Amino acid sequence: MPITRFAPHDDFLRVYFAGDGVPRHADFHWFWLRHNSELDRHPLTRERIVCSSELPLELRPRGVRVSEDASGLDIDWGDRADGQVSRYAADWLLANAYAAERVAVPRPPSDSVLLTVEASQVREPLVPFALKRLQESGAVIVRGFEADTEALIDLFGGAGLSVIETHFGRIEDLRTDNTTNRNTDQLGYTDSAVQLHTDQPFLDRPPRYQLLHCQRPAETGGGNSVVDGLAAARYLADQDAAAFELLRTVPVTFHRKQAAFERVLVSPVLDFDAPEGFRIRYSYFTLAPHRVPFARMEAWYRAYNRFATLVRDERHQFRFRLGAGDFLLYDNWRMLHARTSFTGARWVRGVYFDAR
């Protein structure tokens with residue numbers, strides 16, 4: 001039962017086997033492999049001489065190779081002064097395979113081409129086409145539309161969406177010299193970076209969709225990114241069920257406090273039981289101090305931080321820059337969005353929509 005090949009991943013190694021009646025592949029965490037190195041056993045008694053608590057959880061190998069006769073794997077952990085590497089025999093791996101034939105959940109997607117359409121190349125009514133893409137992928141980027149936001153509102157209104165006015169107003173002018181909106185004491189009206197978040201998580205029913213319509217791009221910076229929060233949640237559940245359960249079940253407080261506006265709402269970050277389907281509430285700048293029970297606080301932070309690390313990884317983000325007339329429409333119940341800091345008179349108009 002030789003090993004045919006392997007595929008390294010961030011947190012685990014996938015090993016492929018040949019032979020009848022054996023799994024085609026099995027997955028092994030790096031930490032599990034390191035803890036089971038035969039180099040950490042006494043040469044006479046073969047008992048363990050290293051406790052797992054002595055090893056760092058985030059360790060990764062320096063190199064992996066299939067042995068010359070394909071009967072095992074050699075892993076160089078990079079910590080042996082004598083240059084020895086750990087050998088894992090194929091039959092031993094099969095006998096101890098705890099994730100044989102595992103079907104891994106894919107990472108959140110990141111190819112912005114999948115979201116992008118050129119308005120001039122759409123051979124059918126633009127808005128129904130864009131809404132179909134929105135339902136499929138959670139977001140759509142349309143290039144080359146005109147700068148008239150009211151015209152866009154009319155088009156989406158004709159397709160069954162209604163504008164939702166918020167405490168900022170009917171249309172937000174996201175610009176540093178904003179004089180048109182209420183409650184402008186928020187990051188969106190500065191030139192600072194705004195990290196990934198969902199909008200209005202402190203409302204019982206946040207607006208379902210948001211349109212970001214570029215009127216004038218920044219001189220430098222001002223790039224956008226969106227992340228599929230539903231895909232990220234499913235990926236987390238596959239990688240770390242305990243973290244997923246905490247984010248799904250532990251209520252936290254979202255508190256938006258501005259000079260002339262205040263709202264508080266308590267909800268889990270991942271809400272699979274919300275009316276009308278999944279909602280993610282994720283907003284680092286409106287999270288109140290956590291009041292999780294003492295015995296769960298560290299576990300909660302580990303779970304939250306693991307999810308944050310997952311979505312902030314650029315490999316899991318759709319990244320792009322809007323030009324004048326371009327617009328982004330995304331599902332605020334499913335997608336996280338962000339922008340980088342910028343210089344210059346960047347101007348983007350924001351409109352919230354919901355289905356009638």
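Predicted model only: the values in this text are computed from it and were never measured. Throughout this description, residue numbers start from 1 for each chain and increase along the sequence as written. Reporting of local features is limited, given that this is a predicted model, to residues whose pLDDT is at least 70; pairs of side-chain atoms are given and counted only at 80 or more, and all residues count toward the totals for whole chains, interfaces and linings. As a convention, hydrogens and water are excluded, and side-chain values are obtained from all of the structure's heavy atoms.

Draft legend 1. Up close: the layout of surface pockets. Its boundaries defined by the atoms lining it, the largest pocket holds a volume of some 740 Å³. Detection works on a 1 Å grid of protein atoms alone, calling trapped sets that fit a 1.4 Å probe cavities and calling open sets with protein on both sides within 12 Å along at least five of seven lines pockets, with lining residues defined by an atom within 4 Å of a point. Lining the largest pocket are 26 residues; nearest its centre among them are Asp11, Glu58, Arg60, Asp240 and Arg306. Starting at the N terminus, helices and strands are each numbered in turn, a helix being any DSSP run of H or I of at least four residues and a strand any DSSP run of E of at least two. If you list the elements that add at least two residues to the lining of the largest pocket, you get α1 (30-35), α5 (229-239), α6 (241-249) and α7 (294-312). Element by element, the count of residues in the lining of the largest pocket is highest for α7, at 7 residues. Following the grouping adopted for this structure description, the nonpolar residues are Ala, Val, Leu, Ile, Met, Phe, Trp, Tyr, Cys and Pro, the charged ones are Asp, Glu, Lys and Arg, and the polar ones are all others, Gly among them. The residue makeup of the lining of the largest pocket, split by class, is 11 nonpolar, 5 polar and 10 charged. Grid points are joined across faces, edges and corners, and a volume is the space filled by probe spheres set on the points.

Draft legend 2. Seen up close, unusual backbone geometry. One non-glycine residue with positive phi stands out, namely Glu101, at about 60°. By secondary structure assignment, the location of Glu101 is in the loop between α2 (90-95) and β7 (116-118). Positive phi is not limited to glycine here, since Gln200 has a value of about 55°. Along the polypeptide, Gln200 turns up in the loop between β11 (194-197) and β12 (209-216). Burial status follows relative accessibility: with a 1.4 Å probe on protein chains alone, a residue under 20% of its type maximum counts as buried, one over 50% as exposed, and anything between as partly exposed. On the accessibility criterion, Gln200 (4% relative accessible area) is buried.

Draft legend 3. Layout of the sheet that holds strand β4 (residues 63-66). Whether two strands pair depends on DSSP finding at least two bridges between them. On the basis of which strands lie adjacent, the open sheet formed by 3 strands has the order β4-β5-β6 and antiparallel pairing. The sheet is open, and its two edges are formed by β4 and β6 (86-89), each paired on a single side. Averaged over neighbouring strand pairs, the angle between their axes works out to 20° when direction is ignored. In this structure, strand β5 (residues 72-76) lies alongside β6, joined through 4 bridges in antiparallel fashion. Residue pairing for β6: Ile75 is matched across the bridge by Ser86. Fitted lines through C-alpha atoms serve as axes, helices being fitted only where they are in contact, and the angles separating the N-to-C directions of these axes extend from 0 to 180 degrees.

Draft legend 4. Structural detail: the nonpolar core. By size, the foremost hydrophobic cluster in this structure holds 32 residues, and its most contacted members are Leu270, Tyr282, Trp300 and Phe307. Listing elements by their share of this core, those giving two or more residues are α5, α6, β15 (252-258), α7 and β21 (335-339). In terms of residue count, the dominant contributor to this core is α7 (8 residues). Here, residues are in contact when the closest pair of their heavy atoms is within 4.5 Å. Setting aside chain neighbours within four positions, we find Phe307 in contact with Gly229, Ala232, Ala233, Leu236, Leu247, Leu270, Ile280 and Tyr282. Remark: nonpolar core denotes a set of buried residues (Ala, Val, Leu, Ile, Met, Phe, Trp, Tyr, Cys) joined through side-chain atoms within 4.5 Å.

Draft legend 5. Just the pairing of strand β14 (residues 224-228), in detail. When you tally the buried positions in β14, you get 5 out of 5 residues, the bulk of the element. A two-sided burial pattern is seen for β14, the buried positions comprising Asn224, Val226 and Asp228 on one face and Ser225 and Val227 on the other. Summarising the sheet, β14 and strand β19 (residues 318-320) pair through 3 bridges and their orientation is antiparallel. Along β19, the bridge assignment pairs Val226 with Phe318.

Draft legend 6. Inspection of the pattern of salt bridges at higher detail. The term salt bridge refers to a side-chain nitrogen of Lys or Arg lying within 4 Å of a carboxyl oxygen of Asp or Glu. If you walk through the whole model with that rule in mind, you get 30 salt bridges. A salt bridge links Arg65 to Asp74, with the shortest nitrogen-to-oxygen separation between them at 3.7 Å. What makes Arg65 partly exposed here is its relative accessible area of 46%. Residue classification places Asp74 among the buried residues on the basis of a relative accessible area of 7%. Residues joined by salt bridges that share partners form a network here, namely Asp11, Glu58, Arg60, Asp240 and Arg306.

Shape is all these values report; function is a separate question.
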